[in-house]
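Okay, here's what each chain looks like letter by letter:
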Amino acid sequence: MSLPTTRHVPVAIIGGGQAGLSMSACLQQAGIGHIVFEKHRAMHVWQTRRWDSFCLVTPNWQCALPGHPYDGDDPHGFMTKPEIVAWLERFRRKVNPPLREGVTVRLVKPRPQGGYLLRYEVAGEPGLHECTADQVVVASGGYHLPIVPRMAERLPASVRQLHSEQYHNAAELPPGAVLVVGSGQSGAQIAEDLHLAGRQVVLAVGDAPRCARFYRGRDVVDWLADMGYYDMPVGQHPLREGVRDNTNHYVTGRDGGRDIDLRRFALQGMQLHGALHAVEPQDDGDVLLRFKPGLAEVLDRADATYNGINASIDQYIERMGLQAPPPSRYEPVWQPGEEPLTLSLQQAGIGSVVWCIGFAPDFGWLDAPVFNGRGQPQHERGVTALPGLYFLGLPWLHTWGSGRFSGVARDAQHLAEVIAGERSTQAPATLPAAVPG
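Here's a quick rundown of the structure. (Residues numbered from 1 in each chain as written. Predicted model: local features only at pLDDT ≥ 70, side-chain atom pairs only at ≥ 80, totals over all residues. Heavy atoms only, no water.)

## Things to note about the sheet that holds strand 12 (residues 201–204)
So, step 1. Taken in spatial order, the five strands line up as 10-19-11-12-15 in an open sheet, and their pairing is parallel. In the strand order of this sheet, the two ends are held by strand 10 (160–163) and strand 15 (271–273), each with one partner. Each strand axis lies, on average, 20 degrees off the axis of its neighbour in the sheet, ignoring direction. (Pairing = 2+ DSSP bridges. Helix = DSSP H or I, 4+ residues; strand = E, 2+ residues; numbered from the N terminus. Axes fitted to C-alpha atoms, helices over the stretch in contact; angles between N-to-C directions.)

## A closer look at the environment of Val-85
So, step 1. Tracing the backbone shows Val-85 in helix 3 (residues 81–95).
So, step 2. Residues Val-85 and Arg-381, spaced 296 residues apart in sequence, show a C-alpha to C-alpha distance of 28 Å.
So, step 3. Not counting the four nearest positions on each side in its chain, Val-85 is found in contact with Trp-46 and Gln-47. (Contact = heavy atoms within 4.5 Å.)

## Regarding the pattern of salt bridges
Working definition: two side chains of opposite charge can pair if their charged atoms are close together.
So, step 1. Per the counting criterion, the structure on display carries 23 salt bridges.
So, step 2. One salt bridge in this structure joins Arg-381 and Asp-411, with 3.7 Å as the shortest N-O distance. Taken together, the residues span a long stretch of sequence, with Arg-381 in the loop between strand 20 (359–360) and strand 21 (389–391) and Asp-411 in helix 9 (residues 408–423) at a distance of 30 residues.
So, step 3. Exposure remark for Arg-381: the relative accessible area of 19% places this residue in the buried category.
So, step 4. For Asp-411, a relative accessible area of 1% corresponds to the buried category. (Salt bridge = Lys/Arg side-chain N within 4 Å of Asp/Glu carboxyl O. Buried < 20%, exposed > 50% of the residue type's maximum accessible area, 1.4 Å probe, protein only.)

## Things to note about the sheet that holds strand 16 (residues 276–281)
So, step 1. Ordered by their spatial adjacency, three strands build an open sheet running 16-17-18, and the pairing between neighbours is antiparallel. Looking at the sheet topology across the chains shown, the edges are occupied by strand 16 and strand 18 (342–344). Going from strand to strand, the sheet's axes swing by 20 degrees on average, the running direction of each strand aside.
So, step 2. With three bridges joining them, strand 17 (residues 287–291) and strand 18 adopt antiparallel strand pairing. Paired with Arg-290 across the two strands is Thr-342, which belongs to strand 18.

## Brief notes about the environment of Phe-37
So, step 1. By the element assignment, Phe-37 lies in strand 2 (residues 34–38).
So, step 2. Given a relative accessible area of 1%, Phe-37 falls into the buried group.
So, step 3. Residues Phe-37 and Leu-397 lie 360 residues apart in sequence; the distance between their C-alpha atoms is 21 Å.

## Comments concerning helix 9
So, step 1. Between its terminal C-alpha atoms helix 9 stretches 22 Å, which fits the 22 Å expected from 16 residues at 1.5 Å a residue.
So, step 2. What helix 9 keeps buried is the set Val-408, Ala-409, Asp-411, Ala-412, Leu-415, Ala-416 and Ile-419. All buried residues of helix 9 project into a common sector of 155 degrees when viewed along the axis, lining one side.
So, step 3. Taken together, the buried residues of helix 9 touch strand 1 (8–14), helix 1 (18–30), strand 3 (64–65), strand 8 (128–138) and strand 21. (Expected span 1.5 Å × (residues − 1). Arc of directions from axis to C-beta.)

## Focus: the packing of aromatic side chains
Centre distance and the angle of the planes are the two values used to describe a pair of aromatic rings.
So, step 1. Enumeration according to the criterion identifies 14 aromatic pairs in this entry.
So, step 2. Look at Phe-37 and Tyr-120: their rings are 5.7 Å apart centre to centre, the planes differ by 45 degrees, and that puts the pair in the tilted class. Separated by 83 residues along the polypeptide, Phe-37 in strand 2 and Tyr-120 in strand 7 (residues 116–122) bring together distant segments of the chain. Residue Phe-37 shares its accessibility class with Tyr-120, and that shared class is buried.
So, step 3. Pairwise contacts between aromatic rings join Trp-46, Trp-51, Phe-54, Trp-87 and Phe-405 into one cluster.
So, step 4. A cation sits over an aromatic face here: Arg-50 above Trp-46, 4.5 Å from the ring centre.
So, step 5. Note that Arg-210 overlies the ring of Tyr-330, its terminal NZ or CZ placed 4.4 Å from the centroid. (Phe/Tyr/Trp six-rings, centres within 6.5 Å; stacked < 30°, edge-to-face > 60°. Lys NZ or Arg CZ within 6 Å of the ring centre and 35° of its normal.)

## Quick notes on the nonpolar core
So, step 1. Counting 64 residues, the largest nonpolar core has Met-23 and Val-137 as its most contacted members.
So, step 2. At six residues, the largest contribution of residues to this core is made by helix 1.
So, step 3. Those residues in contact with Met-23 that lie beyond four places of it in its chain are Ile-13, Val-137, Leu-392, Ala-412, Leu-415, Ala-416 and Ile-419.
So, step 4. Core analysis: the next-biggest nonpolar cluster, separate from the first, contains 26 residues, Val-136, Phe-363, Leu-389 and Leu-397 among them. (Core = buried A, V, L, I, M, F, W, Y, C linked by side-chain atoms within 4.5 Å.)

## Quick look at the packing of helix 1 against helix 9
Axis angle and axis distance: for two packed helices, these are the angle between their axes and the distance between the axes, and together they describe the pair.
So, step 1. Where helix 1 contacts helix 9, the two axes come as close as 9 Å, and the packing angle between them is 45 degrees. Taken together, the axis directions place helix 1 and helix 9 in an arrangement best described as oblique. Both helix 1 and helix 9 take part in a crossing whose hand is right-handed. Across from Ala-19, Ser-22, Met-23, Cys-26, Leu-27 and Gln-29 in helix 1, the residues of helix 9 making contact are Val-408, Ala-409, Ala-412, Gln-413, Leu-415, Ala-416 and Ile-419.
So, step 2. Taken together, the residues of the contact of helix 1 with helix 9 sort by class into ten nonpolar, three polar and no charged. (Parallel < 35°, antiparallel > 145°, perpendicular 65-115°, else oblique. Left-handed = near helix turned anticlockwise from the far one by under 90°. Nonpolar A, V, L, I, M, F, W, Y, C, P; charged D, E, K, R; others polar.)

## Re helix 7 (residues 295–320)
So, step 1. Over its 26 residues, helix 7 runs 38 Å from end to end, which matches the ideal 38 Å to within 8%, given 1.5 Å per residue.
So, step 2. Note on helix 7: the residue one or two positions beyond its end, Gly-321, has a positive phi of about 65 degrees.

Here is the structure:
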């Protein structure tokens, strides 16, 4: 789709993922004109930045985009990558958004006379284009820049390095052991994928918590939903806005869903170490990997979270007088012995490294005073202090589900109502001159 013949659009949506298209669906329902700007292709992250065996870690029934709930026959299952892509494509066709793909927004800034100026590049066209908008919704998410530490530069060129978003399967990696750095959702699941493929895995364990897949006869997500956890707004969470910094619990929906137990992996031959601390080239050409101490404590904390969530379910069952299978408590199946804090790259036979330590946000193109000292957007349920500027699709924007398929529709509807309310008080905009494209 090309831009309108004028250089003005009522609402500009930056990002064509599930958040941007959800916003489009809600604005269409409200009769508000808009355009969705997408740097690549709509939903491209799900097609290009997920490994082959990727599947949801939350049950399918939680998938509910605007007017597009889960439409398969396995609500308590976990969609695989091809199923997710197909479900999202059906959503895109249903919404039929005013979408401009291949557009990279380089600048958004407030205009003195009101509204916003946008500068953007169009794939295959020279130079920068401009347009104005009354309101802007930033729906590009918060996971922009893959984090790879500077210590990666000290690894030899013979070792293949890739970030979790670049990993597809075990077969694409060169022979040898694989060092997986980080044990959040991606790290734990990629380590499992490699382990199941028969690869020797060395896992540098981070401080991520874990939870059970099933407990007392039901998926833990089902219990937590009944307990109201997924409806809890960030302002009522014990950590308040600090919950936005939390690492996600590791668990999997693979093969119908199961726990991820790093201790059990260790029993089966996976090498567990503490967090990777340093990479030190040696005079003999080898490289020494240094790990932080405290692996046992990290595993214990993850298990404490696991048992704590289950204990809260126990309390709920008792309080509500529900019938359920008896409670249980996870007991460690493996304990680290004398913890090795160094590892020779050559002796371990490591041929590749997968960095699974997350992403950093990149809002450098947004020239607006709405960020805190850490570069994070400041907002209340996506509404910033700057009139007409909003965020959508960020983790814990309002609830746990805000950055997921389960909560983004509710947030998009809320913003659509705010946008409609603000537009009802605005004077009609003057349309600037036409622009190429």
